[in-house]
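What follows is each chain in one-letter form.
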Amino acid sequence: MDWIVLGFAVVTPLTVTITLAFRRRERALYEISRIRSLCFQIYQAHVFWDWDSGKGREKAMNPHQWLDHGDQVLEQLIGIGDELSRFLTLPTSSRSYHRMLKSGRHKAANIVEVAYRLLDSLYTKRIVKLSILTEKLKTLGLSPAEISRLRQYERFIGEAIENLRMIKMYRTPQALRSFGRIFTLLVPAFYSSAFAQVAFDLDSFTMGVLFAILTPLVLTALFQSVQLMEDPFVGWVTLDGIDVNEEMEVLHFHQLISARSYLFPTAAPFETMSKAAIVSDVPGPRSIGGSYRTSHFAPSLDDEGGDMGGSYRVSHFAMDVSPTNIRATKPSLSRSAAKHRRNESNNCDF
């Protein structure tokens, strides 16, 4: 058989699918970076944008009231990051067996139920609460132009969340993946005569056997690359995946808490006065803020526990960062849905 058939029937659809999967991954990275940047700008706008020649904030409320207002905004922004992370790391529910088999449809229904509750909380409820807080600024005297800019930031966050939802819930073309799967399994057997011819032409039985082994091995590896890149949000399964937990639950949190500590240096720790959007399951001593979030990029922590805003959350990649060996438990894909079902009520405001 001609090797062109192998390239046309197997390699071409698989490489096209890999290209589409990486394009989705890059798009997802872009949207995550937008959400983080917009959340940071929204927090800054609420805590120190001024009006009336720099005297508007002072006349509108006292510093304690502004701190409370900023913490209300901060609670929603951190909640968006936490719940978006949970949503994106749910198991996939859009494979073929989720549509064709009864057991698959039941599994997909459970996953989608959790996904929709999370989406309703992080998008509908939290964005509405942010809009209400923006309206409060409007009544206090913030200029219409700056209020319009804040509305634009909220709209951009909504668009980014919807784009990430589409990437999460819809796959690359099923026809290409099915085509590649079938021919990856069937075509190598039809090339047995070609492998024998290679052995005769090279006068080497060993080379014929090596070709017979390597050809299906390479095709299978290519197909597995497609499977791994189907869901770009599974950072602990593939090195090419997006580490959503690190981006949205650890770094996003640290950035906002660090900004709060810089703007309100004498304020009490945030989580002592505001309900945390996520409860850490990490055992061991708690910080004053009540939450550990540790990046696996941090090489070490001192005996005092570090100072990134006074609050820590542990990444699932956390290393031995202190003598107490604070670690996070790496969740398995099969248990992800159960992990995310934090609240059986209709309100996902965990």
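Our subject is the structure that appears above.
The sections below set out a description of the structure shown in this document. (Residues numbered from 1 in each chain as written. Predicted model: local features only at pLDDT ≥ 70, side-chain atom pairs only at ≥ 80, totals over all residues. Heavy atoms only, no water.)

**Considering the packing of helix α5 (residues 102–140) against helix α6 (residues 144–169)**
So, point 1. Following both chains from N to C, one finds α5 and α6 inclined at 175°, their axes separated by 10 Å at the closest point. One way to sum up the angle between α5 and α6 is to call them roughly antiparallel. Contacts between α5 and α6 involve Y116, L119, L122, Y123, I127, L130, S131, T134, E135, L137 and K138 from the former and I147, L150, R151, E154, I157, G158, I161, E162, R165 and M169 from the latter. (Axes fitted to C-alpha atoms, helices over the stretch in contact; angles between N-to-C directions. Helix = DSSP H or I, 4+ residues; strand = E, 2+ residues; numbered from the N terminus. Parallel < 35°, antiparallel > 145°, perpendicular 65-115°, else oblique. Contact = heavy atoms within 4.5 Å.)

**Concerning the nonpolar core**
Proteins that are soluble and globular tend to have nonpolar side chains buried together.
So, point 1. Membership of the largest hydrophobic core comes to 53 residues, with the highest contact counts inside it found for Y43 and F233.
So, point 2. Sequence-distant contacts of Y43, that is, excluding residues within four places in its chain, are made with G70, V73, L74, L77, L256, A259, R260, L263 and F264.
So, point 3. Within the second largest apolar cluster, 10 residues are counted, among which are L14, A194, F195 and F223. (Core = buried A, V, L, I, M, F, W, Y, C linked by side-chain atoms within 4.5 Å. Buried < 20%, exposed > 50% of the residue type's maximum accessible area, 1.4 Å probe, protein only.)

**Topic: the packing of aromatic side chains**
So, point 1. Evaluated as defined, the whole model comprises one aromatic pair.
So, point 2. The ring of W66 has R57 lying over it, and the distance from NZ or CZ to the ring centre is 3.7 Å. (Phe/Tyr/Trp six-rings, centres within 6.5 Å; stacked < 30°, edge-to-face > 60°. Lys NZ or Arg CZ within 6 Å of the ring centre and 35° of its normal.)

**Quick notes on the pattern of salt bridges**
So, point 1. By the definition in use, this model includes 14 salt bridges.
So, point 2. A salt bridge links D52 to K59, with the shortest nitrogen-to-oxygen separation between them at 3.2 Å.
So, point 3. In this structure, E113 and R117 form a salt bridge, with 3.1 Å as the shortest nitrogen-oxygen distance. Here E113 pairs with R117, and both are found in helix α5, just four residues apart, close to one helical turn.
So, point 4. We classify E113 as partly exposed; its relative accessible area is 32%.
So, point 5. Connected through shared salt-bridge partners, R27, E31 and R34 make up one network. (Salt bridge = Lys/Arg side-chain N within 4 Å of Asp/Glu carboxyl O.)

**Quick notes on helix α9 (residues 205–229)**
So, point 1. Spanning 25 residues, α9 covers 37 Å between terminal C-alpha atoms, matching the ideal 36 Å at 1.5 Å per step.
So, point 2. Within α9, the full set of buried residues consists of G208, T215, L219, F223, V226, Q227 and M229. (Expected span 1.5 Å × (residues − 1).)

**Here's the deal with the environment of D231**
So, point 1. On the secondary structure map, D231 appears in the loop between α9 and α10 (244–263).
So, point 2. Taking the relative accessible area as the measure of exposure, D231 reaches 9% and is therefore buried.
So, point 3. Through-space distance from the C-alpha of D231 to that of P91 is 8.8 Å; in sequence the pair is 140 residues apart.
So, point 4. Excluding anything up to four places from it in sequence, D231 contacts L88, L90, T92, K168 and R171.

**Observations concerning the side chain of R25**
So, point 1. With respect to the element layout, R25 can be found in helix α1 (residues 3–48).
So, point 2. Apart from residues lying up to four places away in sequence, R25 is in contact with M229, P232, D240 and I242.

**Comments concerning helix α7 (residues 174–190)**
So, point 1. In this model α7 runs 25 Å from its N-terminal to its C-terminal C-alpha over 17 residues, within 8% of the 24 Å that 1.5 Å per residue would give.
So, point 2. A maximum bend of about 35° is found in α7 at T184, where proline P188 lies one to four positions downstream.
So, point 3. R177, G180, T184, V187 and P188 are the residues of α7 that are buried. (Bend = angle between axes of the 7 residues up to and from the residue.)

**Notes on a nonpolar patch on the surface**
So, point 1. Nonpolar side chains collect at one region of the surface, where L202, M207, L210, F211, L214, L217 and V218 lie side by side and expose about 610 Å² of accessible area between them.
So, point 2. Among the elements that take part in the nonpolar patch, α9 stands out by supplying six residues, more than any other.
So, point 3. With respect to the helices, strands and loops of the structure, M207 is situated in helix α9. (Patch = residues over 30% accessible without salt bridge, like charges linked within 9 Å, V, L, I, M, F, W, Y side chains within 5 Å. Areas by Shrake-Rupley, 256 points an atom, 1.4 Å probe, with all protein chains shown as cover.)

**So, the side chain of R126**
So, point 1. Locating R126 in the fold gives a position in helix α5.
So, point 2. A polar atom in the side chain of R126 sits 3.0 Å from the side chain of E83. (Polar contact = N/O pair within 3.5 Å; in protein donor to acceptor, adjacent residues only side chain to side chain.)

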